[in-house]
Amino acid sequence: MGCDRMESDGMRYLDKEMSLPEREEFERHLKSCRICRESISQMENLGKLTRGVMIKDPQDTFWEGYWKPIFRRIERKTAWIFILLGGLLVVLYEVYRAVRNFGELTFEKIAIILLITGFVMLLVSVLRERIHQRKVDRYKDIKR
Ligand SMILES: [Zn+2]
């Protein structure tokens, strides 16, 4: 089983190490020799498969590494938006309630006013920090 040409020329043909006349001559042989033809096509498929696996692997890790931080950032940003939005709604509701029936200045109202003031200050502080951070990030990106 086997053909001498496959052993002497098969790999050189697959590796494209043949001169054009040699190549043409070998292709003529392939047409007439089923053993060589089948071996060559088998090895070509194997080569494609190996190359496919080798190319696919680093690409996968690249995309994983590329998307993971973005998802994490979006996740965190969404969490912040929910927290801020929820807090803001509570504050707005309390303000609305306090304004609607602002009778005497009770202990409860003072507590709510303090709470709202504190929350607004915290919100402004956080927002200022985020904006500052974004500026720093942008600066870093430009520097790189
Ligand atoms: Zn042959």
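All values reported here derive from a predicted model rather than from experimental measurement.

Focus: the overall build of the protein chain
Check the secondary structure of the protein chain and you find four helices and zero strands. When the 144 residues of the protein chain are sorted by exposure, 4% land in the buried category.

Some thoughts on the nonpolar core
Taken as a class, soluble globular proteins show a tendency for nonpolar side chains to be buried jointly. Residues Met-6, Tyr-13, Phe-26, Leu-30 and Cys-36 constitute the largest nonpolar core, which totals five residues. Looking at this core, the elements with two or more residues in it are α1 (4–14) and α2 (20–32). In contact with Met-6, not counting residues within four places along its chain, are Ile-35, Cys-36 and Ser-39.

Side note on unusual backbone geometry
A positive phi angle is found at Lys-16, which is not glycine, with a value near 60 degrees. Summarising the element assignment, Lys-16 is placed in the loop between α1 and α2.

A word on α1
Taken as a whole, α1 has its buried residues at Met-6, Asp-9 and Tyr-13. Down the axis of α1, the buried side of the element spans an arc of 115 degrees, and every buried residue falls inside it. For α1, exposure combined with an orientation more than 90 degrees from the buried face picks out Glu-7, Ser-8 and Met-11. The first or second residue beyond α1 is Lys-16, which carries a positive phi of 60 degrees.

Digging into the environment of Met-11
Summarising the element assignment, Met-11 is placed in helix α1. By C-beta crowding, Met-11 is classed as exposed, having 11 other C-beta atoms within 10 Å. A C-alpha to C-alpha distance of 8.6 Å links Met-11 and Ile-40, two positions 29 residues apart in sequence.

Definitions and limits used
Residues numbered from 1 in each chain as written. Predicted model: local features only at pLDDT ≥ 70, side-chain atom pairs only at ≥ 80, totals over all residues. Helix = DSSP H or I, 4+ residues; strand = E, 2+ residues; numbered from the N terminus. Buried ≥ 20, exposed ≤ 12 C-beta atoms within 10 Å, placed from the backbone. Core = buried A, V, L, I, M, F, W, Y, C linked by C-beta atoms within 7 Å. Contact = placed C-beta atoms within 7 Å. Arc of directions from axis to C-beta.

Distances and angles like these do not, on their own, reveal function.
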